[in-house]
Amino acid sequence: AQTVTQSQPEMSVQEAETVTLSCTYDTSESDYYLFWYKQPPSRQMILVIRQEAYKQQNATENRFSVNFQKAAKSFSLKISDSQLGDAAMYFCAYRSPMGSGGSNYKLTFGKGTLLTVNP
Amino acid sequence: DAGITQSPRYKITETGRQVTLMCHQTWSHSYMFWYRQDLGHGLRLIYYSAAADITDKGEVPDGYVVSRSKTENFPLTLESATRSQTSVYFCASSEHQGQPQHFGDGTRLSIL
């Protein structure tokens, strides 16, 4: 079974600075999907960024980018120019490839990292 | 508006009662999921559905029942609520396996 580990329960960053959130995972599959979700105090689960394992290029969405190291099974999230609105719980999630069937297409989540942004 | 809607947003009930959490999506997504979120556990899958009338167990299904008579609805029922089922429940949907899951706003359920 796949596991996802977020080793930083809490992180803080100054407004306008850069912060990196860590995520590692364990899998025997060669093709899969990785996601970062943001959960602000409103409790919504908001997709931040997505990475397909077969793509070597790191995904980027505006101020959010990932450092995907497939061999190391690492998938960190970098937030540049941090804003007060970035304060939230961030979850890393893993998903098995298409066609794997059964419950394999569920998301397996890490336990989350609480990000505080200081003005 | 298109999207995924959960109701109620908050619910308090007593042990032994039956309670149903509703989930409705307007995208006609095939796949729907129920997760529970507990401190220290992240989100864990309770049940999922690949299409109408097709459901299957996830990681923590005990004490829960689901149905999917229509593509757009995926209710979750606690047949006899227990305190250990106090949690925040999220419904999600996706168009197909490869697409990201979109989440509802969650239901905070407290069982006294």
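Residues numbered from 1 in each chain as written. Chains lettered and ligands numbered in written order. Predicted model: local features only at pLDDT ≥ 70, side-chain atom pairs only at ≥ 80, totals over all residues. Heavy atoms only, no water.

**Some words on the overall build of chain B**
A count of helices and strands for chain B gives zero helices and eleven strands. Secondary structure of chain B in N-to-C order comes out as β-β-β-β-β-β-β-β-β-β-β. Expected size for 112 residues packed as a compact globule is a radius of gyration near 13 Å; at 13 Å, chain B falls within 12% of this value. C-alpha atoms of chain B, sized along the principal axes, occupy 35 × 30 × 25 Å. Within chain B, the proportion of its 112 residues that are buried is 48%. Within chain B, contacts between residues separated by at least 24 positions form 55% of all contacts whose residues are at least 6 apart in sequence. Within the structure as shown, chain B displays about 5300 Å² of accessible surface, and the carbon and sulfur contribution to it stands at 45%. (Helix = DSSP H or I, 4+ residues; strand = E, 2+ residues; numbered from the N terminus. Rg over C-alpha atoms; globule rule 2.2 N^0.38 Å. Buried < 20%, exposed > 50% of the residue type's maximum accessible area, 1.4 Å probe, protein only. Contact = heavy atoms within 4.5 Å. Areas by Shrake-Rupley, 256 points an atom, 1.4 Å probe, with all protein chains shown as cover.)

**A few points about the packing of aromatic side chains**
For the structure on display, the rule yields 15 aromatic pairs over all chains. Taken together, a centroid distance of 5.7 Å and an interplanar angle of 90° make the contact between phenylalanine 109 of chain A and tyrosine 35 of chain B edge-to-face. Here the residue phenylalanine 109 of chain A occupies a position in strand S11 (residues 107-109), and tyrosine 35 of chain B occupies one in strand S4 (residues 31-38), the pair thus bridging two chains. Measuring from centroid to centroid gives 5.8 Å for tyrosine 35 of chain B and phenylalanine 103 of chain B, while their planes differ by 40°, and the two rings are tilted. (Phe/Tyr/Trp six-rings, centres within 6.5 Å; stacked < 30°, edge-to-face > 60°.)

**Some words on the interface of chain B and chain A**
Taken together, the contact pairs 28 residues of chain B with 25 residues of chain A. One can count zero salt bridges joining chain B with chain A. Linking chain B with chain A are eight residue pairs in polar contact (both at pLDDT 80 or more), by the criterion used here. Among the secondary structure elements, those contributing two or more residues to the side of chain B that touches chain A are S4, strand S5 (42-51), strand S9 (87-94) and strand S11 (107-111) of chain B. Residues that form the side of chain B that touches chain A fall into these classes: twelve nonpolar, twelve polar and four charged. (Salt bridge = Lys/Arg side-chain N within 4 Å of Asp/Glu carboxyl O. Polar contact = N/O pair within 3.5 Å; in protein donor to acceptor, adjacent residues only side chain to side chain. Nonpolar A, V, L, I, M, F, W, Y, C, P; charged D, E, K, R; others polar.)

**Topic: the sheet that holds strand S8 (residues 76-78) of chain B**
By definition, the strands of a sheet pair up through backbone hydrogen bonds, in either a parallel or an antiparallel sense. Residue and element names in this part refer to chain B. Pairing is antiparallel in the open sheet, where four strands are placed in the order S1-S3-S8-S7. Edge positions in the open sheet fall to strand S1 (4-7) and strand S7 (64-66), since each of these has one partner strand only. Ignoring strand direction, the axes of neighbouring strands in this sheet form an average angle of 15°. Pairing of strand S3 (residues 19-25) with S8, which is carried by three bridges, proceeds in the antiparallel orientation. (Pairing = 2+ DSSP bridges. Axes fitted to C-alpha atoms, helices over the stretch in contact; angles between N-to-C directions.)

**Remarks on the nonpolar core**
Within soluble globular proteins, side chains that are nonpolar generally end up buried alongside one another. All names here are of chain A. Among the nonpolar cores identified, the biggest contains 25 residues, and Tyr25, Trp36, Phe75, Leu77, Tyr90 and Leu115 are the most heavily contacted of them. If you list the elements that add at least two residues to this core, you get strand S3 (19-21), strand S5 (33-39), strand S6 (46-52), strand S8 (64-69), strand S9 (74-79), strand S10 (88-95) and strand S12 (113-118). Tallying contributions element by element places S10 first for this core, with four residues. When neighbours within four sequence positions are excluded, phenylalanine 75 is seen to be in contact with Cys23, Tyr25, Leu34, Phe35, Trp36, Gln51, Val66, Asn67, Phe68 and Cys92. (Core = buried A, V, L, I, M, F, W, Y, C linked by side-chain atoms within 4.5 Å.)

**Section: unusual backbone geometry**
A cis amide bond, omega -5°, links serine 7 of chain B with the succeeding residue proline 8 of chain B. Its place among the elements puts proline 8 of chain B in the loop between S1 and strand S2 (10-13). The phi angle at lysine 73 of chain A is positive, at roughly 55°, despite the residue not being glycine. In this fold, lysine 73 of chain A is placed in the loop between S8 and S9. For serine 28 of chain B, which is not glycine, the phi dihedral falls at a positive 65°. Mapped onto the fold, serine 28 of chain B is located in the loop between S3 and S4. Judged by relative accessible area, serine 28 of chain B falls into the exposed class, the value being 56%.

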